[in-house]
Amino acid sequence: GKSYDLAARWCNIVCTAKNATGKRRYYAVAAKPNVSGDPIVFLASDDRGATWSQVNGIWKSANFSADLAVSPTSYDTVYLLSTGDRTVYKSTDSGTTWTNIKLNLDTLTQLGSDDLWDQSDYDFFFACSTRTLNGAAQDVVYLGLKEIYQLPDGKAWNSFGRIWYPDAKLHTDQHCITLHPTDPNQGLIGNDGGIYSFAYNPDKKSTTFTSLNANLPITQFYGGDFHPLNAAV
């Protein structure tokens, strides 16, 4: 089949919900920083990865990372995080057309949009869950950068983790998330401070975090030295 740029930084591969015939689509994404032409390699496969085709978008630049999320309920809905563009895109027609859904995101940090995005080549996660609203499925998108942000209704982002002084509830610099399969307001988060479970109350717009680090047998060493007199220590 057709070859693609293997020097690009491949970031994620995702699988959509089933369509009416029971078929799923696979997407794969990679970032190509500091290149001319399309800065993001975004591929789709309708035959379980046997063949792939390029998906075109409206993104303009690439950092060292990009990421994908798909709707758990809609075959045609896919989201793309472009850290080079410092924004989030949404498509409801399998990547044919795209909409910028950054909305109010840049206003939700205390230190300005540069602080929100300046570590997004390595501090990030991106995921989509779903909830039932007025009898219909509604996507709930999560974005982790330094802070955590939630888009529960497609209209406005919430500052979710509260990492900033004086009301910080969680460690900064987010890296991974896994969401409860039936409740978009519960999940696990991994960041520079370890692993936390969370429960979000959408009525009060408040979040409870529980550290799961106390019983984990893990240690990260930052330095060491030798005993000045005992070579064995």
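Report follows, based on the coordinates.

Thresholds applied
- Residues numbered from 1 in each chain as written.
- Predicted model: local features only at pLDDT ≥ 70, side-chain atom pairs only at ≥ 80, totals over all residues.
- Heavy atoms only, no water.
- Helix = DSSP H or I, 4+ residues; strand = E, 2+ residues; numbered from the N terminus.
- Buried < 20%, exposed > 50% of the residue type's maximum accessible area, 1.4 Å probe, protein only.
- Contact = heavy atoms within 4.5 Å.
- Lys, Arg positive; Asp, Glu negative; His and termini not counted.
- Charge placed at Lys NZ, Arg CZ, Asp CG, Glu CD.
- Pairing = 2+ DSSP bridges.
- Phe/Tyr/Trp six-rings, centres within 6.5 Å; stacked < 30°, edge-to-face > 60°.

**Comments concerning the overall build of the protein**
Check the secondary structure of the protein and you find 1 helix and 16 strands. The principal-axis extent of the C-alpha atoms belonging to the protein is close to 70 × 45 × 35 Å. Across the 233 residues in the protein, those meeting the buried criterion constitute 42%. Contacts spanning at least 24 positions in sequence make up 41% of the contacts within the protein whose residues lie at least 6 apart. Between the mean site of the 19 positive side-chain charges and the mean site of the 23 negative ones, the protein shows a separation of 7 Å.

**Here we look at unusual backbone geometry**
Positive phi, close to 55°, is recorded for Arg 86, a residue that is not glycine. Of note, Arg 86 is situated in the loop between strand E6 (78–82) and strand E7 (87–91). Taking relative accessible area as the criterion, Arg 86 reaches 29% and is therefore assigned partly exposed. The backbone of Ser 94 sits at a positive phi, close to 60°, despite the residue not being glycine. Positionally, Ser 94 belongs in the loop between E7 and strand E8 (99–100).

**So, the environment of Ala 30**
The residue Ala 30 is located in strand E2 (residues 26–31) in this model. Given the relative accessible area of 0%, Ala 30 is considered buried. Along the primary structure Ala 30 and Ile 13 are separated by 17 residues, whereas in three dimensions their C-alpha atoms are 9.3 Å apart. Residues within four places of Ala 30 in sequence aside, it is in contact with Ala 8, Arg 9, Trp 10, Cys 11, Pro 39, Ile 40 and Val 41.

**As for the sheet that holds strand E12 (residues 158–159)**
Here 4 strands make up an open sheet; going across it, the order is E9-E10-E11-E12 and the pairing antiparallel. Only two strands of the sheet have a single neighbouring strand rather than two, namely strand E9 (125–133) and E12. Pairing analysis gives 4 bridges linking strand E10 (residues 136–144) to strand E11 (residues 148–151), with the strands arranged antiparallel. Along E11, the bridge assignment pairs Gly 144 with Ile 148.

**Here we look at the side chain of Asn 185**
By secondary structure assignment, the location of Asn 185 is in the loop between strand E13 (174–179) and strand E14 (186–191). Residue Asn 185 is classed as buried on the basis of its relative accessible area, which comes to 15%. Setting aside residues up to four positions removed in sequence, Asn 185 forms contacts with Tyr 142, Gln 150, Phe 198, Ala 199, Tyr 200 and Pro 202.

**Comments concerning the pairing of E2**
Most of E2 is tucked away, with 5 of its 6 residues classed as buried. Where E2 meets strand E3 (residues 40–45), 6 bridges bridge the pair, whose relative direction is antiparallel. Counted as the bridge partner of Ala 28 is Leu 43 from E3.

**Some points on the packing of aromatic side chains**
Applying the stated criterion to the full structure yields 7 aromatic pairs. Between Phe 42 and Trp 59, the aromatic rings sit 5.9 Å apart at their centres with planes inclined by 50°, giving tilted as the arrangement. Of this pair, Phe 42 sits in strand E3 while Trp 59 sits in the loop between strand E4 (53–54) and strand E5 (66–70); the two residues are 17 residues apart in sequence, bridging distant segments of the chain. Judged on exposure class, the residue Phe 42 and its partner Trp 59 are both buried. Ring pairing ties together the aromatic residues Tyr 27, Phe 42, Trp 59, Tyr 89 and Trp 98, which thus form one cluster.

**Observations regarding the environment of Gly 144**
Summarising the element assignment, Gly 144 is placed in strand E10. When its relative accessible area of 0% is taken as the criterion, Gly 144 is described as buried. Separated by 45 residues in the primary sequence, Gly 144 and Thr 99 place their C-alpha atoms 20 Å from one another. Every residue in contact with Gly 144, bar those within four places of it in the chain, is listed here: Asp 123, Phe 124, Phe 125 and Gln 174.

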